[in-house]
Amino acid sequence: MGRMTKHKSEHADPARLRKETREWLATRTIPNVREVARDLENAGEDVHDLMTAIDELESLVRGPRTKPRKRPVAKSRA
């Protein structure tokens, strides 16, 4: 028979992320993914959902006190 545990779920809680992990996400991962999203947008792809997910990740990493960065408008190719 299965037994129910009283332990909390071990899902990623932003308050429990290591400082090094938060810094890596904030300084490396998020800017790199934003750059890829800009390239995709410049190529004509719809990246609205991706940018929303990036903003959400950034708000989790930086905490609720800061606002997500404003996204620059992509330059269209003429």
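Once a new chain begins, its residue numbering starts again from 1 and follows that chain's sequence as written. Confidence filtering applies because this is a predicted model: local features only for residues at pLDDT of at least 70, side-chain atom pairs given and counted only at 80 or more, and all residues used for totals across whole chains, interfaces and linings. Side-chain figures throughout are based on the complete set of non-hydrogen atoms in the structure, without hydrogens or water.

1. Some remarks on the overall build of the protein
Thought 1: By the criteria applied, helices consist of DSSP H or I runs no shorter than four residues and strands consist of E runs no shorter than two, each listed in order from the N terminus. In terms of helices and strands, the protein carries 2 helices and 0 strands.
Thought 2: Counting only residues that meet the buried cut, the protein has 15% of its 78 residues in that class.
Thought 3: What makes two residues a contact is simply this: any of their non-hydrogen atoms within 4.5 Å. For the protein, the proportion of contacts with a sequence separation of at least 24, taken over those separated by at least 6, is 41%.
Thought 4: Surface accessibility follows the Shrake-Rupley procedure with a 1.4 Å probe radius. Residue values consider only the protein chains on display as shielding. For the protein, the accessible surface area stands at approximately 7,300 Å², while carbon and sulfur atoms represent 53% of it. We call a residue buried when its accessible area falls under 20% of the maximum for its residue type, exposed when it is over 50%, and partly exposed in between, using a 1.4 Å probe and counting protein chains only.

2. Quick word on the pattern of salt bridges
Thought 1: Criterion for a salt bridge: a side-chain nitrogen of Lys or Arg within 4 Å of a carboxyl oxygen of Asp or Glu. This structure, assessed with the given rule, holds 5 salt bridges.
Thought 2: Here Asp55 and Arg34 are joined by a salt bridge, their closest N and O atoms 3.0 Å apart. Of this pair, Asp55 sits in helix H2 (residues 48–62) while Arg34 sits in helix H1 (residues 19–42), and the two are 21 residues apart along the sequence. Judged on exposure class, the residue Asp55 and its partner Arg34 are both buried.
Thought 3: Within this structure, Arg34, Asp55, Glu58 and Arg62 form a network of salt bridges that share partners.

3. What about H2?
Thought 1: Relative to the 21 Å expected for 15 residues at 1.5 Å per residue, H2 spans 21 Å between its end C-alpha atoms, a close match to the ideal helical length.
Thought 2: Where H2 is concerned, the buried positions are Met51, Ile54, Asp55, Glu58 and Val61. Projected onto a plane normal to the axis of H2, the buried residues spread over an arc of 125° and lie on a single side. Exposed residues pointing more than 90 degrees away from the buried face of H2 are listed as Asp49 and Glu56.
Thought 3: Those residues of H2 that are buried are in contact with H1.
Thought 4: At the C-terminal side of H2, Gly63 shows a positive phi close to 100°. Given a helix with a known number of residues, its expected span is that number minus one, times 1.5 Å. This arc is built from the directions going out from the helix axis to the C-beta atoms.

4. What about a nonpolar patch on the surface?
Thought 1: Patch membership is restricted to residues that have no salt bridge and whose relative accessible area is over 30%. Joining uses 9 Å for like charges and 5 Å for the nonpolar side chains Val, Leu, Ile, Met, Phe, Trp and Tyr. Taken together, the side chains of Val33, Val36, Leu40 and Leu50 present a nonpolar region at the surface, about 270 Å² in accessible area.
Thought 2: The leading source of residues in the nonpolar patch is H1, at 3 residues.

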